[in-house]
Number of protein chains: 2
Amino acid sequence: MKVVSTIAEARAARAALGPLGLVPTMGYLHAGHLSLVAQAKAGGGAVAATIFVNPTQFGPTEDLSRYPRDLERDLRLLEAAGVDLVFTPTPEVMYPQGFDARIEVGAITEKLEGAIRPGHFAGVCTVVAKLFNILQPQRAYFGQKDAQQCAVIRRMVADLDVPVEIKIGETVREADGLALSSRNVYLSPDQRAAAPALYQALLAARGAYDDGERRAQALRDAAKAKLSGAVIDYVSVADRVTLDELELVTDGALVSLAVRFGATRLIDNLILT
Amino acid sequence: MKVVSTIAEARAARAALGPLGLVPTMGYLHAGHLSLVAQAKAGGGAVAATIFVNPTQFGPTEDLSRYPRDLERDLRLLEAAGVDLVFTPTPEVMYPQGFDARIEVGAITEKLEGAIRPGHFAGVCTVVAKLFNILQPQRAYFGQKDAQQCAVIRRMVADLDVPVEIKIGETVREADGLALSSRNVYLSPDQRAAAPALYQALLAARGAYDDGERRAQALRDAAKAKLSGAVIDYVSVADRVTLDELELVTDGALVSLAVRFGATRLIDNLILT
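Scanning chain A for helices and strands turns up 10 helices and 10 strands. With respect to the three principal axes, the spread of C-alpha positions in chain A is 55 × 40 × 40 Å. Burial statistics for chain A: of 273 residues in total, 44% are counted as buried.

Right, here's the structure in full:
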């Protein structure tokens, strides 16, 4: 496994590989990331991963400085998973003096996470476009756990005709239903014990839907009932492509939610079909 | 020469070519465009051109609807010049329902043309990125006549790590010095007779510079003296990379100007080294 940290090295190492699947990450890897690597391996060809805690997708009051990192462990996990190339740039490599570009993907980035984290998705789109341009993968893998990120990246790839196929990997969960996230490490024991409520809330919405409920507000209310006492940022029942909030679910929906436990925000989602 | 108008056709036709030089145009071709094609041919490999009057780089009060077009003549000229592939999409192909992406390149786009044409360079950057993603050229050719556009595209390519080498072709001029532009066709005989003043103004600035003048304002004044009676949008002496206005010219400069003749804006520039 080759590990490089400059753009020139990354381009040279990539040129030595054939068709490539890319797994972009912010590191501190868990089984969710590794399931994306496994999916990329199964897709055939070579596999690259990136580890980059991208400062431009963090707001000024967010957790950039304390975001968990463990590069040595990450590299061991990626090597064991059969990754061919890892690109671990510094912020200075990605954003040198004079850097001034930004990719905006409009309305879809202004809802849900985007409403609470202004500028977040411009940061995501810009860094993903840069990583795609540097490594020129044929396929790239993202986790459904970040549902809006998946929708935004699909929008960017479609709108800018980016020649990369976007593949989405299913959310990986703990036994009690908590979606894996690098940020789960922030949770206190009490918060950790309460955190499965997110998945319970999603299951409640799905249960009501499976029982025939099609009014989006009733589905939101079913989810919220499982979150009593929690600080809710949003509970959304939205169109899967545009992320517009629905009144009636007639053609599937994305049920997504964000909840705060102290300073830690957790998000999760389920798709209704 | 293959002529295609859908993205799928363009990708398929491009895949049949090897290393590629791209000349993006808005059509109504003149000797300036053809000099870029010749430069691309000389660069080796195949050559593609695009003809697309990009609506998103025109402001609401600009000349989109009357921008001159002559596709048949353009195709004859490109075929005679040895172009391999021409992509002529419609606005609906480039901007389908739901399109919502935009590439912004910050401060450099807010000066000069950008100050007078808000949104212009976001339109340029976005369409150029799309064309690059569709046709995946190794090299792309732009005319120095649009000096700020060249600087903005260089910024975008650097900042987003776009794997395309940007080549700039020298401005081609009429015998009296008027820079070739598809918009020259708008000029009345009187306006056409007056239009060489732009180049005379640039030469006056260069003359002063060659005589040892280094104060930028004195260079601007030397240019403006040749434009008396004209409606000047700007006369600029700026850093060649950042386009920041200079006080003293210590390391070369871009001298650029924009002048209105009735409803027609003309721009031109020279580099001081």
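From this point, the narrative continues.
Least-squares fitting of chain A to chain B yields an RMSD of 0.0 Å, with the superposition described by an axial translation of 0.0 Å and a rotation of 180°. Such values leave the two copies arranged in the relation of a two-fold axis. Among all residues of chain A, the one whose C-alpha sits closest to the rotation axis is Ile103 of chain A, at a distance of 2.3 Å. Most of the interface of chain A is mirrored in chain B, where 100% of its interface residues again form contacts.

Let us now look at the interface of chain A and chain B. Contacts between chain A and chain B engage 23 residues on the former and 23 residues on the latter. Within the residue set of the side of chain A that touches chain B, elements represented by two or more residues are strand S5 (102–104), helix H6 (120–135) and helix H7 (147–159) of chain A. Broken down by element, the residue count for the side of chain A that touches chain B peaks at 4 residues, all from H6 of chain A. Looking at chain direction, S5 of chain A and strand S5 (residues 102–104) of chain B are connected through 3 bridges and run antiparallel. Paired with Arg102 of chain A across the two strands is Glu104 of chain B, which belongs to S5 of chain B.

All names here are of chain B. Strand order in the open sheet formed by 3 strands is S8-S9-S10, with antiparallel pairing between adjacent strands. Strands with a single pairing partner mark the edges of an open sheet, and in this sheet they are strand S8 (231–238) and strand S10 (264–272). The sheet shows a mean angle of 10° between the axes of neighbouring strands, direction not considered. On the sheet, helix H9 (residues 197–210) packs against strand S9 (253–261) and S10 and is oriented at approximately 20° with respect to S10.

Residue and element names in this part refer to chain A. The domains assigned to chain A are domain 1 (2–169) and domain 2 (182–272). Computed over C-alpha atoms only, the centres of domain 1 and domain 2 are separated by 25 Å. Of all elements in the fold, only helix H5 (112–116) and H7 reach the threshold of two or more residues within the side of domain 1 that touches domain 2. Residues that form the side of domain 1 that touches domain 2 fall into these classes: 8 nonpolar, 2 polar and 3 charged.

Moving on, we come to the pairing of strand S7 (residues 165–169) of chain B. Residue and element names in this part refer to chain B. Pairing of strand S6 (residues 139–143) with S7 involves 5 bridges; the strand directions are parallel. Bridging from a neighbouring strand, Arg139 pairs with Glu165 of S7. Between the parallel elements S6 and S7, the chain passes through helix H7 (residues 147–159) in a crossover that is right-handed.

Further remarks concern the environment of Gln149 of chain A. Residue and element names in this part refer to chain A. Tracing the backbone shows Gln149 in helix H7. Residue classification places Gln149 among the buried positions, given that 23 C-beta atoms sit within 10 Å. Taking the C-alpha atoms as reference, Gln149 lies 13 Å from Thr25; in sequence the two are 124 residues apart. Setting aside chain neighbours within four positions, we find Gln149 in contact with Val124 and Phe142.

Thresholds applied
Residues numbered from 1 in each chain as written. Chains lettered and ligands numbered in written order. Predicted model: local features only at pLDDT ≥ 70, side-chain atom pairs only at ≥ 80, totals over all residues. Helix = DSSP H or I, 4+ residues; strand = E, 2+ residues; numbered from the N terminus. Buried ≥ 20, exposed ≤ 12 C-beta atoms within 10 Å, placed from the backbone. Least-squares fit on C-alpha atoms with pLDDT ≥ 70 in both. Contact = placed C-beta atoms within 7 Å. Pairing = 2+ DSSP bridges. Axes fitted to C-alpha atoms, helices over the stretch in contact; angles between N-to-C directions. Domains from an automatic or database assignment. Nonpolar A, V, L, I, M, F, W, Y, C, P; charged D, E, K, R; others polar. Right-handed = clockwise from strand over helix to strand, strands pointing away.

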